[in-house]
Amino acid sequence: RTQLAEMKAERGDKNHKGPQGQHKKDGKSMGQHKAFSQLNLTNTQKAQIEAIQKDTKGTRAQKQQAVMAVLTPEQRTQLESLKSQRQNKK
């Protein structure tokens, strides 16, 4: 493990996945953070999406649908484009 991963492990950062960065501290995937950061979300949208993601009720599909409802049509199109680009890299 890298020195950074070891330091985080020592301080109790159990969600850190090491240098590969599969997940951030809050459990959201890195791809998700990167995609949302490129959508120019308003502070209101950020708060709404965060609340949806923290909600323990509902299926993953229901949460995705709720997030999509928060986005403008342009943001939805951009998000779908980013997802396609990410899938094509695999």
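Structure: see above.
Note that this is a predicted model, so its numbers are computed, not measured.

Undergrad: Before we go on, may I ask you to explain the nonpolar core in this structure?
TA: Generally speaking, a soluble globular protein has its nonpolar side chains buried in company with each other. Core analysis: the largest hydrophobic core is formed by eleven residues, namely Ala35, Phe36, Leu39, Leu41, Ile49, Ile52, Val67, Val70, Leu71, Leu79 and Leu82. Where this core is concerned, the elements lending two or more residues are α2 (30–37), α3 (43–54), α4 (60–70) and α5 (73–89).

Undergrad: Explanation requested: the environment of valine 67 in the structure shown.
TA: Structurally, valine 67 can be placed in helix α4. On the accessibility criterion, valine 67 (8% relative accessible area) is buried. Considering only alpha carbons, one finds valine 67 and isoleucine 49, 18 residues apart in sequence, at a separation of 5.8 Å. Contact partners of valine 67, with chain neighbours within four places excluded, come to Phe36, Ile49 and Ile52.

Undergrad: Just checking my understanding: could you explain the side chain of glutamine 45 for this structure?
TA: Here glutamine 45 is to be found in helix α3. A distance of 3.1 Å separates a polar atom in the side chain of glutamine 45 from the backbone oxygen of valine 70. In this structure, glutamine 45 is in contact with Asn40, Val70, Leu71, Thr72 and Gln75, ignoring residues within four places of it in sequence.

Undergrad: Teacher, can you tell me more about unusual backbone geometry here?
TA: Glycine aside, residues mostly have negative phi, and peptide bonds are mostly found in the trans state. Not every positive phi belongs to a glycine, and asparagine 40 is a case in point at roughly 55°. Topologically, asparagine 40 is positioned in the loop between α2 and α3. Judged by relative accessible area, which is 64%, asparagine 40 ranks as exposed.

Undergrad: What is the right way to look at the side chain of glutamine 75 in this model?
TA: Examined against the element boundaries, glutamine 75 turns out to sit in helix α5. Those residues within four positions of glutamine 75 in sequence are excluded, and the remaining contacts are Leu39, Asn40, Leu41 and Gln45.

Undergrad: I tried to follow the pattern of salt bridges on my own but got confused; where do I start?
TA: Between side chains of opposite charge, a pair can form as their charged atoms come close. Summed over all chains, the structure comprises two salt bridges. Note that glutamate 50 is salt-bridged to lysine 54, the shortest N-O span being 2.9 Å. You can see glutamate 50 and its partner lysine 54 sitting in helix α3, four residues apart, about one turn around the helix. The residue lysine 83 makes a salt bridge to glutamate 80 at a minimum N-O spacing of 3.9 Å. Taken as a pair, lysine 83 and glutamate 80 lie in helix α5 at a separation of three residues, close to a single helical turn. Take lysine 83: its relative accessible area is 27%, and that puts it in the partly exposed class.

Scoring rules and cut-offs
Residues numbered from 1 in each chain as written. Predicted model: local features only at pLDDT ≥ 70, side-chain atom pairs only at ≥ 80, totals over all residues. Heavy atoms only, no water. Core = buried A, V, L, I, M, F, W, Y, C linked by side-chain atoms within 4.5 Å. Buried < 20%, exposed > 50% of the residue type's maximum accessible area, 1.4 Å probe, protein only. Helix = DSSP H or I, 4+ residues; strand = E, 2+ residues; numbered from the N terminus. Contact = heavy atoms within 4.5 Å. Polar contact = N/O pair within 3.5 Å; in protein donor to acceptor, adjacent residues only side chain to side chain. Salt bridge = Lys/Arg side-chain N within 4 Å of Asp/Glu carboxyl O.

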